[in-house]
Amino acid sequence: MAPSTSSAITLNINGEKYTLPVDHRTTLLDALREHLDLTGTKKGCDQGQCGACTVLLDGRRAVACLQLAVAAEGRAITTIEGVADGDRLHPVQQAFLDLDGYQCGYCTPGQICSALAVIEEHAAGWPSAVTGDVRPEAGVPALTAEEIRERMSGNLCRCGAYVSIVQAVARAAEASASPADTFQDKEPVA
C-alpha cells in the first residue's frame with residue numbers, strides 16, 4: 001500500500017486553530033489563501049525572493065511560499081490579519097499609514113510582518129550584515145536607516161516606497177521602545 005500524500009492538519013493562525021485536509025506538498029501560502037481564505041498574505045514570486053508572503057512563525061519571519069503547511073503544524077502563525085487589535089492598528093501599521101510606507105499596497109502585508117520581526121530582532125540585540133561591532137558586549141546597535149534597509153532587504157517593493165518604509169520602521173521601533181506609547185494605549189482608528 002502506498003503511503004498517503006495528504007492528511008488533516010491543525011494550524012494555529014492568529015490565535016485561532018484551523019483544521020484542514022491538505023496535500024503534503026501544499027505550501028503554507030496556499031493553505032492560507034486557497035484553503036482558509038486568509039488573502040492578506042500575498043503571492044508574489046512563489047520562489048522566496050520577494051517577501052510578499054512573509055508571515056511570522058513563532059515570532060520569526062518566514063516566506064510562506066517556501067514553508068510547507070504540514071511543517072507549520074504546532075507553530076504560532078501570525079499573518080497580517082492578526083496584527084491589529086480589532087479596530088486598533090498596530091504601531092507598525094499606523095507608521096506605514098502615516099508615512100506612506102506603501103503605494104500599490106501589494107507588498108505591504110509582507111513588509112509589515114517583516115518589520116515586526118525586525119524590530120524584535122533589533123531589540124534583542126541581533127546583529128545584521130551591516131552592524132559595525134557584533135561583539136555581545138557592544139550592546140544593541142543603533143537602528144539606523146542602513147540597519148533597517150539591510151534587515152528589510154528580503155522584502156521587495158516594486159513601487160519603490162523604500163524611503164517611506166524605512167521611516168515607518170524607524171518610527172514604529174521608536175514607539176515600541178517608549179513605555180508611554182505602548183500598543184495597548186493607542187486610540188482606536190476611526
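Below is a summary of the structure that appears in this document. (Residues numbered from 1 in each chain as written. Predicted model: local features only at pLDDT ≥ 70, side-chain atom pairs only at ≥ 80, totals over all residues. Heavy atoms only, no water.)

## Concerning the nonpolar core
Counting 25 residues, the largest nonpolar core has Val92, Phe96, Ile112, Met152, Ile165 and Val169 as its most contacted members. Elements supplying a minimum of two residues to this core: α2 (91-98), α3 (108-123) and α5 (162-177). If you tally residues by element for this core, the top one is α3, at seven residues. In contact with isoleucine 165, other than residues within four places in its own chain, are Phe96, Gly101, Gln111, Met152 and Cys157. (Core = buried A, V, L, I, M, F, W, Y, C linked by side-chain atoms within 4.5 Å. Buried < 20%, exposed > 50% of the residue type's maximum accessible area, 1.4 Å probe, protein only. Helix = DSSP H or I, 4+ residues; strand = E, 2+ residues; numbered from the N terminus. Contact = heavy atoms within 4.5 Å.)

## Thoughts on the packing of α2 against α3
Contact geometry of α2 with α3 gives a least axis separation of 10 Å together with a crossing angle of 125°. With respect to α3, the axis of α2 lies oblique. For the crossing formed where α2 meets α3, the hand is right-handed. Residues Val92, Gln93 and Phe96 of α2 pack against Thr108, Gln111, Ile112, Ala115, Leu116 and Ile119 of α3. (Axes fitted to C-alpha atoms, helices over the stretch in contact; angles between N-to-C directions. Parallel < 35°, antiparallel > 145°, perpendicular 65-115°, else oblique. Left-handed = near helix turned anticlockwise from the far one by under 90°.)

## Re the pattern of salt bridges
Following the criterion strictly, the structure yields nine salt bridges and no others. For glutamate 121, the salt bridge is made with arginine 61, and the minimal N-O distance between the two is 2.6 Å. On the criterion of sequence distance, the pair formed by glutamate 121 in helix α3 and arginine 61 in strand β4 (residues 60-63) is long-range, its members being 60 residues apart. Using a relative accessible area of 12% as the deciding quantity, one classes glutamate 121 as buried. The salt bridge involving glutamate 137 is made with arginine 135; its shortest N-O contact spans 3.4 Å. Of the residues examined, glutamate 137 reaches a relative accessible area of 60% and is grouped as exposed. The class of arginine 135 is partly exposed, set by a relative accessible area of 46%. Salt bridges sharing partners connect three or more residues here, namely Asp30, Lys43 and Asp46. (Salt bridge = Lys/Arg side-chain N within 4 Å of Asp/Glu carboxyl O.)

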